[in-house]
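Below are the chains, spelled out letter by letter.
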Amino acid sequence: MNTLAYQKGNLQSQISAHDKVSLFHIAIEMRSQNLSEEFVANAVQTALEFEGVADLIIMWGDEADPEERDEIIADIQDLIIDCKQIGTSELPYVNFNDVDTVAKDIRSFKDSLLQIVAERGGITKLAEKTGIPQPSLSRFFNSNSMPHRSTLLKIAKALDLDAIPVSTQWAK
Amino acid sequence: MDEYWEIIRPDVVLLKKYPGDINFSNGKFWSPTIVNNGYKMKWHQIGNGKVQLRLTVAISRDAFLCESYDKKDEKQEKRKLAKFKTYTQLIRNGQYTTRGILI
């Protein structure tokens, strides 16, 4: 198993040249598995700054199970977006009693969006157009979790939608 | 529903007393540090599905509730740990979004 040795900075992790090369080797393997250039480049760039993302890339390199690899890819994509945030922000509080209603709203929204995706070539084609890995899009459509606004915008652009067709009030 | 109000929420509100409450010395309730300033709150056999519920908590000046999940296997745990490690770094960097304050 590969391991990474980090020298902790004040706020960021700095990895050794050897460990960087390990990440680059895995990145090449990711490209050979048809993950987009945009995703792989963003993954490596984020990993150079965030130790947890580097850990996930190493896990992917060590993993043989395709389903587990897909889960790791979806996690990396989530973190790439999280790590791009600048500063702090606040979103509306969701009362526990409203969680089921919110989840149903999100489910309904994602189902309607998935219908459009299916009419325009399916998730595989959407992955090609957006550069978002297919496992990440599958997780997006299969879960009731709140979507990232940046993901919605990429999907809308790829589908030539002028605006997301339903409310995106719960987008992160 | 009842378990949220009667068990989970009261347990989480204990964070207001952190580290003073005796529960934070109980390994079945509160993990030792798993990443830098990061801990896990645990519930065993909870909910209709009798799941192993976990809540990752970053302790900075405040307590940040990061992610809850149903523990399934060691591979999932490793992935969640890597995500949590990233969240704690983001919190230290001041790059995060909050969704309310628990009172």
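Here the structure is shown first, and the text comes after it.
Note that the coordinates shown come from a computational prediction; the quantities given were computed from them, not determined experimentally.

S.K.: Give me the overall build of chain B: which residues, what numbers.
M.R.: Along chain B, the regular secondary structure elements total 2 helices and 4 strands. Taken from the N to the C terminus, the helices and strands of chain B come in the order α-β-β-β-α-β. The globule rule puts the C-alpha radius of gyration for 103 residues at 13 Å, and the 13 Å found for chain B is close to it. Referenced to the eigenvectors of the C-alpha coordinate spread, the extents of chain B come out at roughly 35 × 35 × 25 Å. In chain B, which comprises 103 residues, the share counted as buried stands at 44%. Long-range contacts, defined as pairs at least 24 residues apart, comprise 35% of the intrachain contacts of chain B with a sequence gap of at least 6. When the accessible surface of chain B is split by element, carbon and sulfur atoms take 52% of a total near 5800 Å². Treating the 19 positive side-chain charges of chain B as one cloud and the 11 negative ones as another, the clouds have centres 7 Å apart.

S.K.: Give a description of the interface of chain A and chain B that names residues and reports values.
M.R.: With 37 residues of chain A at the interface, the matching set in chain B holds 24 residues. Interface area for chain A against chain B, summed over the two sides, is near 2800 Å², with a carbon-plus-sulfur share of 53%. Here chain A is connected to chain B by 7 salt bridges. Here Lys83(B) ties to Asp75(A) by a salt bridge, and the two come within 3.6 Å at their closest N and O atoms. In this assembly, chain A and chain B are joined by 16 residue pairs in polar contact (both at pLDDT 80 or more). Mapped by element, the contributors of at least two residues to the side of chain A that touches chain B are helix 3 (51-62), helix 4 (66-83) and strand 3 (88-90) of chain A. Partitioning the side of chain A that touches chain B into residue classes produces 16 nonpolar, 8 polar and 13 charged.

S.K.: A description of the packing of aromatic side chains should follow, citing residues and the corresponding values.
M.R.: With the rule as written, the count across this model stands at 11 aromatic pairs over all chains. Residues Phe96(A) and Tyr4(B) carry aromatic rings whose centres are separated by 3.6 Å and whose planes lie at 5 degrees to one another, so their mutual orientation is stacked. Residue Phe96(A) is located in the loop between strand 3 and helix 5 (99-119), and its partner Tyr4(B) is located in helix 1 (residues 2-13); the two belong to separate chains. By relative accessible area, Phe96(A) is classed as partly exposed at 24%. Note on Phe140(A) and Phe141(A): the rings are 4.8 Å apart at their centroids and 85 degrees apart in plane angle, and the pair reads as edge-to-face. Residue Phe140(A) shares its accessibility class with Phe141(A), and that shared class is buried. Here the aromatic cluster, defined as three or more aromatic residues joined through ring pairs, consists of Tyr18(B), Phe24(B), Phe29(B), Trp30(B) and Tyr39(B). Over the aromatic face of Trp60(A) sits the side chain of Arg69(A), whose NZ or CZ is 3.6 Å from the ring centroid. Cation over ring: Lys110(A) sits above Phe140(A), and NZ or CZ is 4.7 Å from the ring centre.

S.K.: So what's going on with the packing of helix 1 (residues 17-32) of chain A against helix 3 of chain A? Which residues, and what values?
M.R.: All names here are of chain A. Across the interface, helix 1 lies against helix 3 with an axial gap of 10 Å and an inter-helix angle of 55 degrees. By the angle class used here, helix 1 and helix 3 are oblique. Crossing of helix 1 against helix 3: the hand is left-handed. The residues of helix 3 that touch helix 1, namely those facing Leu23, Ile26, Glu29 and Met30, are Ala54, Ile57, Ile58, Trp60 and Gly61.

What counts, and at which threshold
Residues numbered from 1 in each chain as written. Chains lettered and ligands numbered in written order. Predicted model: local features only at pLDDT ≥ 70, side-chain atom pairs only at ≥ 80, totals over all residues. Heavy atoms only, no water. Helix = DSSP H or I, 4+ residues; strand = E, 2+ residues; numbered from the N terminus. Rg over C-alpha atoms; globule rule 2.2 N^0.38 Å. Buried < 20%, exposed > 50% of the residue type's maximum accessible area, 1.4 Å probe, protein only. Contact = heavy atoms within 4.5 Å. Areas by Shrake-Rupley, 256 points an atom, 1.4 Å probe, with all protein chains shown as cover. Lys, Arg positive; Asp, Glu negative; His and termini not counted. Charge placed at Lys NZ, Arg CZ, Asp CG, Glu CD. Buried area = accessible area lost by both parts, 1.4 Å probe. Salt bridge = Lys/Arg side-chain N within 4 Å of Asp/Glu carboxyl O. Polar contact = N/O pair within 3.5 Å; in protein donor to acceptor, adjacent residues only side chain to side chain. Nonpolar A, V, L, I, M, F, W, Y, C, P; charged D, E, K, R; others polar. Phe/Tyr/Trp six-rings, centres within 6.5 Å; stacked < 30°, edge-to-face > 60°. Lys NZ or Arg CZ within 6 Å of the ring centre and 35° of its normal. Axes fitted to C-alpha atoms, helices over the stretch in contact; angles between N-to-C directions. Parallel < 35°, antiparallel > 145°, perpendicular 65-115°, else oblique. Left-handed = near helix turned anticlockwise from the far one by under 90°.

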